[in-house]
Amino acid sequence: MALSVPFAMPAFQPGWVWLVGAGPGDPGLLTLHAAHALAQADVVVHDALVNTDVLALAPAHAEIVFAGKRGGKPSASQPDISNRLIALARAGRRVLRLKGGDPFIFGRGGEEARALVAAGVPFRVVPGITAGIGGLAYAGIPATTRDTNAAIAFVTGHAASGSVPDTLDWTALARSASVIVIYMAVKHLPIIVQRLMDGGRSPDEPLAFICSATTPDHRVVVSTLGRAVADRDAHGVAAPAVVVVGEVVRLREQLGCWWDPADLGALLADVAAE
Ligand code: SAH
């Protein structure tokens, strides 16, 4: 059953793999293409960070396959996942590979797409709202404003080797990107903040942890580069979280949790009272 919309949407052909971004958590942040794909899939292979509520959009006959990390156990290896997608497609299924956020942002979607091409399997990519965009928006932190920043950098704090990425020139990053959004930064935070401060960023610069963004567990902890490690520990900040560094974090004071009716009501009442 396809999604009912008043314009043409591509049909999900048997034997194809669609690499689909599920967004950061809130099911409402799925794209129409993602909802349309779910409605037609025969098999959905999903990661741990996908909100499983959205799986209800798949038809009753669809097979749901989990391919992420659970309970600290090692995740299925990337070649295993790619080979499974290829085998399912060759068996004539409509294979939906569902990933948290955007499939091509630190999501290994690029590796999977290349494996599909190498195997001659037709595919489509459905971008999703990445945690660094959706999470910031739900934290009341605009990713850019004309007053604060002309650039934004998305960075991973965790290389394939498991350590902080050494291929990254942290000093150049510290100098060039006034707003830096770091994924997978919780574990290696001490090294990351030190490298940014060594690169010239002030310990007083605002920083926010945005945890489980856009989900019911959404939580924001505001700190500074200098206090970040102590605040991470004091507040029990845990993955999944994005860390945002830059002046834009201060704008949260004015925008708050706009999606929370009580917060928005208080913000608007304050303005009305002035
Ligand atoms: N493809 C994903 C990123 C996968 S890497 C995307 O585009 O969002 C996994 C990292 O993404 C997590 O460690 C965390 O840094 C971030 N992340 C994903 N979902 C998140 C969420 N709901 N809240 C906060 N961070 C999230």
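The name given to the protein in an unreviewed UniProt entry is uroporphyrinogen-III C-methyltransferase, with Roseospira navarrensis as the source organism. In UniProt, the protein has this text filed under Sequence similarities (unreviewed entry): "Belongs to the precorrin methyltransferase family."

Some details on helix α9 (residues 261-273)
Its 13 residues place the ends of α9 18 Å apart at the C-alpha level, agreeing with the 18 Å of an ideal helix rising 1.5 Å per residue. For α9, a buried count of one out of 13 residues is recorded, marking the element as mostly open to its surroundings. Of the residues that open α9, the one with a side-chain oxygen 2.9 Å from the backbone nitrogen of alanine 262 is aspartate 260.

Some thoughts on the packing of aromatic side chains
Scanning all chains against the criterion turns up five aromatic pairs. Ring geometry for phenylalanine 106 against tyrosine 183: centres 5.0 Å apart, planes inclined by 70°, an arrangement best described as edge-to-face. Linking phenylalanine 106 in the loop between β4 (95-99) and α3 (109-119) with tyrosine 183 in strand β7 (residues 179-183), this pair joins segments that are 77 residues apart in sequence. Classification of phenylalanine 106 as partly exposed rests on a relative accessible area of 37%.

Let's talk about the site of the ligand
The ligand sits among 17 residues. The nearest are Asp102, Ile105, Thr130, Ala213 and Ala241. Within the backbone of glycine 100, one N or O atom sits 2.9 Å away from a nitrogen atom of the ligand. Compared with its free state, where it exposes 550 Å², the ligand has 92% of that area covered by protein. For the shell around the ligand, a count of residues per class yields twelve nonpolar, four polar and one charged. Split by domain, the residues of the shell around the ligand number at least three in each of domain 1 (17-129) and domain 2 (132-257).

What to know about the nonpolar core
In a soluble, globular protein the nonpolar side chains are often hidden away together inside. Ranked by internal contacts, the top residues of the largest apolar core, which has 25 residues, are Ile182, Leu196 and Phe209. Elements supplying a minimum of two residues to this core: β6 (152-156), α5 (170-176), β7, α6 (189-198), β8 (206-211) and β10 (241-245). Among the elements that make up this core, the one with the highest residue count is α6 (four residues). In contact with isoleucine 182, not counting residues within four places along its chain, are Val155, Thr156, Gly157, Ile192, Leu196, Ala241, Val242, Val243 and Val245. Listed in part, the 18 residues of the second largest apolar core include Trp18, Ala22, Ala34 and Ala58.

Rules used in this analysis
Residues numbered from 1 in each chain as written. Predicted model: local features only at pLDDT ≥ 70, side-chain atom pairs only at ≥ 80, totals over all residues. Heavy atoms only, no water. UniProt positions renumbered as here; feature names shortened; annotations may be inferred. Helix = DSSP H or I, 4+ residues; strand = E, 2+ residues; numbered from the N terminus. Expected span 1.5 Å × (residues − 1). Buried < 20%, exposed > 50% of the residue type's maximum accessible area, 1.4 Å probe, protein only. Polar contact = N/O pair within 3.5 Å; in protein donor to acceptor, adjacent residues only side chain to side chain. Phe/Tyr/Trp six-rings, centres within 6.5 Å; stacked < 30°, edge-to-face > 60°. Near = heavy atom within 4 Å. Areas by Shrake-Rupley, 256 points an atom, 1.4 Å probe, with all protein chains shown as cover. Nonpolar A, V, L, I, M, F, W, Y, C, P; charged D, E, K, R; others polar. Domains from an automatic or database assignment. Core = buried A, V, L, I, M, F, W, Y, C linked by side-chain atoms within 4.5 Å. Contact = heavy atoms within 4.5 Å.

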